[in-house]
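# Coordinate analysis (summary)
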Amino acid sequence: MRGLIHNGVAWRWMVAIVLACAMPASAEAVMGPDGRMDFGVEGIDFPPAVQVNGTSPRTVELLGEAIAGEKRFWFRRAQWVQELGRCKMAQAAPYLRQAMADPEGRVRAQAAAAAAESGLEELLADVEKLMADPDALVRREVVVAADALSRSRVNDSPAVMKGLDDSDQRVVAAAVDSVRVGGEVRALAAKMPSLAETLQVMGLHSLGRARAVDQAGLVAGFLDKSLPLRTAAVEALAAMKATDRLAEVEKRLADEHPTARRVATEALAELAAPDERHRQAMKMLADEDPSVRTAAANLLDPLPHNEAAEALTKLLDDPYRPLHAAIRRALTHPSTEQVKQRVIELSAGLLDNANMRRREDGSYVLGRLRSNVAFEKHLALMNPPMNDPQTVDWLLVTQVAQSMGLIGDQRAAQSLAALAAMAPKGIKVDFSMPMVGSPLDAMGEAFVAAGRLRYAGALEDAKRQVRPSPREIPAQIRAAAIWYIGVVSPEHLDENAALVMSVYGGMEESMDSQLEALKAAGNIKAKSMEDRLKEIGTDVGEVKLRWMAHWAYERVSGQRTPYEPPQRIWKAQVSIEAREQ
């Protein structure tokens, strides 16, 4: 039986529009020298799920019939037209064409918007015909829809061209925002002087987005206008890569407003040669506004010279967090070996700074640069007295543990194992007391770092974190311990593989723990898990788990097999649906 269902859920009628299957991403970027995958998901590009439209064709028919039968209330027709667009099905095209001829303008406007949402390019010509509609609201939606349906166009859009000359400012605004190609650009440029300021700002952004470098002179004429106009002009020139306008943009580095100075600083990345970009960046590091200093720090990534390294290191005390993050990024990307050595020297000097956060910065940079300079001093920061855990700076300990794993010096192995051994059923911490950071994070990082060193001395402690219920073990420690077991266990040791895989599928297990369990089985190359991994890698719907199981199966079996991403069946959320009984 077929029928109408209002606000119901129907899923037995489906049309499977299956997109192209993605091949598995390469995990080589996160492999250790022994071929075992690193902790976490950084560096892994998980293929997305295949989107499948499960909307019933009958649902489209029912919506179309309801629109045709509703003569009294225009807003009901408009709602159902909107829902037709959500269906994203070719069967909706004839109903949307009919809606474009509706006597009510708001329904016609909704029909244009629904055509855009449907993505049916076959409706473009029908939509463009509505540019002759007497209702400005309709014409506005037509311009937006025509742009959406021809986003990759190389020829001018008739709707956009007409919209630029429309008598209604709402239509003009939509057209200005939709300009993309040659004739549209020239028409917008000719109209810019007569536009209201808000539309001029939109126009500048559109000219920049269109890379209309032939209009750079026009755009530069706005550099001494109001703040919104001059910042938009700078951004447009940067988007165009209009390098011949560099001198005019650099004048805005002395602008009275920090937003203009920041935008001008950011624009140097596109407009200035490296030497000039770095010279100006060094000057802007002294700006009174932290957002400008942050933009300058970003220009120094990768770090060009020793002077930049020294200047950025001095700015680490700045409390503005985006600036701090930008400085860290730059310091960990030195451009030459000479600069790298200077950064290492400066970072080692931070290890005994009175400010614990600067010690943390020094450890962070040394870890990312894989440097064991000042190693004993660095390692000592991970070994504070543990008799009073509330007095320990756990943020610093956590960072040092991570850095030790990245540096790879075996001298840290026993200290890392000792820190990992303090995990639950070891160190006792009263979490109701104030602390700097979390000891749980530090212990989890200790397991990861010891695993990166391939030091097996914490193996029994790691197993102790896996055997109990997940209710008893914090998730960040459990996941780290599982991965650790996978990388330090001998290959084909089924006993350890069975232990880590016992975690998979538990209702109370974290996603990280289950992911690391699959990874650990692959790292161990556990033959006893081959069939189970194959099953998970083909049947499970969660993207990360499915891909990781597929990777582990290939490693265990020694076979390369095609990867099939899971399907995600979606249905348009509509108020009238078909149901098959």
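Refer to the preceding data block for the structure.
Because the structure is predicted, anything quoted here is derived from the model rather than measured.

## Some thoughts on the overall build of the protein
What the protein contains, in helices and strands, is 30 helices and four strands. Seen along its three principal axes, the alpha-carbon backbone of the protein occupies a region of about 80 × 70 × 45 Å. Carbon and sulfur atoms provide 51% of the accessible area of the protein, an area that totals close to 26000 Å². Of the side chains in the protein, 71 bear a positive and 78 a negative charge, and the two mean positions are spaced by 2 Å.

## Regarding the pattern of salt bridges
Under the counting rule described, the total for this entry stands at 49 salt bridges. Of the charged contacts, one joins Asp38 and Arg452 as a salt bridge, the two residues approaching to 3.1 Å between their closest N and O atoms. Residue Asp38 is located in the loop between strand E1 (5–6) and strand E2 (50–53), and its partner Arg452 is located in helix H24 (residues 439–452); the two are separated by 414 residues in the primary sequence. Its salt-bridge partner being Asp409, residue Arg411 comes within 2.8 Å of it at the nearest N-O pair.

## Looking at helix H4 (residues 105–118)
With 14 residues, H4 extends 20 Å from end C-alpha to end C-alpha; this agrees with the ideal 20 Å at 1.5 Å per step. Of the positions making up H4, those classed as buried are Gly105, Val107, Arg108, Ala109, Ala111, Ala112, Ala114, Ala115 and Ser118. Among the structural elements, helix H2 (74–87), helix H3 (93–99), helix H5 (124–129) and helix H6 (136–149) are those in contact with the buried residues of H4. One or two steps after H4, the chain reaches Gly119, where phi turns positive at roughly 75°.

## Topic: the side chain of Gln402
Tracing the backbone through its elements, the reader meets Gln402 in helix H22 (residues 394–407). Every residue in contact with Gln402, bar those within four places of it in the chain, is listed here: Arg368 and Glu445.

## What about the packing of aromatic side chains?
In the structure shown here, the tally under the stated rule is five aromatic pairs. Here Phe39 and Trp483 contribute two aromatic rings whose centre-to-centre distance is 5.9 Å and whose plane-to-plane angle is 70°, an arrangement assigned as edge-to-face. A residue pair is termed long-range when its members are at least 10 positions apart, and Phe39 in the loop between E1 and E2 and Trp483 in helix H26 (residues 475–488) qualify at 444 residues. The class of Phe39 is partly exposed, set by a relative accessible area of 26%. One aromatic cluster is present, built from ring pairs that chain together Phe73, Trp74 and Phe75. When the ring centre of Tyr364 is taken as origin, the NZ or CZ atom of Arg328, which lies over that ring, is 4.0 Å away.

## Digging into the nonpolar core
Of all hydrophobic cores here, the largest spans 157 residues; its most connected members are Leu303, Leu312, Leu416, Leu419 and Phe447. The biggest single contributor to this core is H26, with nine residues. Look past the residues within four positions of Leu312 in its chain and what remains in contact with it is Leu285, Ala297, Leu300, Leu303, Ile327, Ala330 and Leu331. In this structure, Phe46, Met501, Val543 and Trp547 belong to the second largest nonpolar core, which totals 27 residues.

## A closer look at the side chain of Asp409
Within the fold, Asp409 resides in the loop between H22 and helix H23 (413–420). Judged by relative accessible area, Asp409 falls into the buried class, the value being 13%. If near-sequence neighbours (up to four positions away) are discounted, Asp409 is found in contact with Asn372, Phe375, Met404 and Leu453.

## Regarding H26
Helix length check: H26, at 14 residues, gives a terminal C-alpha distance of 20 Å against a target of 20 Å (1.5 Å per residue), a fit within 8%. Counting buried positions along H26 yields 12 of 14 residues, so the element is predominantly enclosed. Within H26 the residues assigned to the buried category are Ile477, Arg478, Ala479, Ala480, Ala481, Ile482, Trp483, Tyr484, Ile485, Gly486, Val487 and Val488. Considering only its buried residues, H26 is in contact with H24, helix H25 (459–466), helix H27 (494–501) and helix H28 (511–524).

## Quick notes on the packing of H6 against helix H8 (residues 169–178)
Where H6 meets H8, the closest approach of the two axes is 8 Å, and the angle between their N-to-C directions is 5°. With respect to their mutual orientation, H6 and H8 come out roughly parallel. Where H6 abuts H8, its residues Ala136, Leu137, Arg139, Arg140, Val143, Val144 and Asp147 lie against Arg170, Val171, Ala174, Ala175 and Ser178. When grouped by side-chain class, the residues that make up the contact of H6 with H8 number seven nonpolar, one polar and four charged.

## Brief notes about the environment of Ala521
Note on placement: Ala521 falls in helix H28. Classification of Ala521 as buried rests on a relative accessible area of 0%. With 31 residues separating them along the chain, Ala521 and Ala552 place their C-alpha atoms 6.6 Å apart. Discounting residues that sit within four places of it in the chain, Ala521 has contacts with Val500, Met501, Ala526, Leu533 and Val556.

## With respect to the packing of helix H14 (residues 258–271) against helix H15 (residues 274–284)
The contact between H14 and H15 brings their axes to 9 Å, and the two run at 155°. As summarised for this structure, H14 and H15 are arranged roughly antiparallel, according to the angle between their axes. For the pair H14 and H15, the crossing hand works out as left-handed. Only Arg277, Gln280 and Met284 of H15 make contact with H14, whose side of the interface consists of Arg261, Thr265, Leu268 and Ala269.

## Remarks on unusual backbone geometry
Between Asp301 and Pro302 the backbone carries a cis peptide bond, its omega angle lying at 5°. Considering the arrangement of structural elements, one finds Pro302 in the loop between helix H16 (290–299) and helix H17 (306–314). Although it is not a glycine, Lys88 adopts a positive phi angle of roughly 50°. With respect to the secondary-structure elements, Lys88 resides in the loop between H2 and H3. The phi angle at His492 is positive, at roughly 70°, despite the residue not being glycine. Its location among the elements puts His492 in the loop between H26 and H27.

Calculation rules
- Residues numbered from 1 in each chain as written.
- Predicted model: local features only at pLDDT ≥ 70, side-chain atom pairs only at ≥ 80, totals over all residues.
- Heavy atoms only, no water.
- Helix = DSSP H or I, 4+ residues; strand = E, 2+ residues; numbered from the N terminus.
- Areas by Shrake-Rupley, 256 points an atom, 1.4 Å probe, with all protein chains shown as cover.
- Lys, Arg positive; Asp, Glu negative; His and termini not counted.
- Charge placed at Lys NZ, Arg CZ, Asp CG, Glu CD.
- Salt bridge = Lys/Arg side-chain N within 4 Å of Asp/Glu carboxyl O.
- Expected span 1.5 Å × (residues − 1).
- Buried < 20%, exposed > 50% of the residue type's maximum accessible area, 1.4 Å probe, protein only.
- Contact = heavy atoms within 4.5 Å.
- Phe/Tyr/Trp six-rings, centres within 6.5 Å; stacked < 30°, edge-to-face > 60°.
- Lys NZ or Arg CZ within 6 Å of the ring centre and 35° of its normal.
- Core = buried A, V, L, I, M, F, W, Y, C linked by side-chain atoms within 4.5 Å.
- Axes fitted to C-alpha atoms, helices over the stretch in contact; angles between N-to-C directions.
- Parallel < 35°, antiparallel > 145°, perpendicular 65-115°, else oblique.
- Nonpolar A, V, L, I, M, F, W, Y, C, P; charged D, E, K, R; others polar.
- Left-handed = near helix turned anticlockwise from the far one by under 90°.

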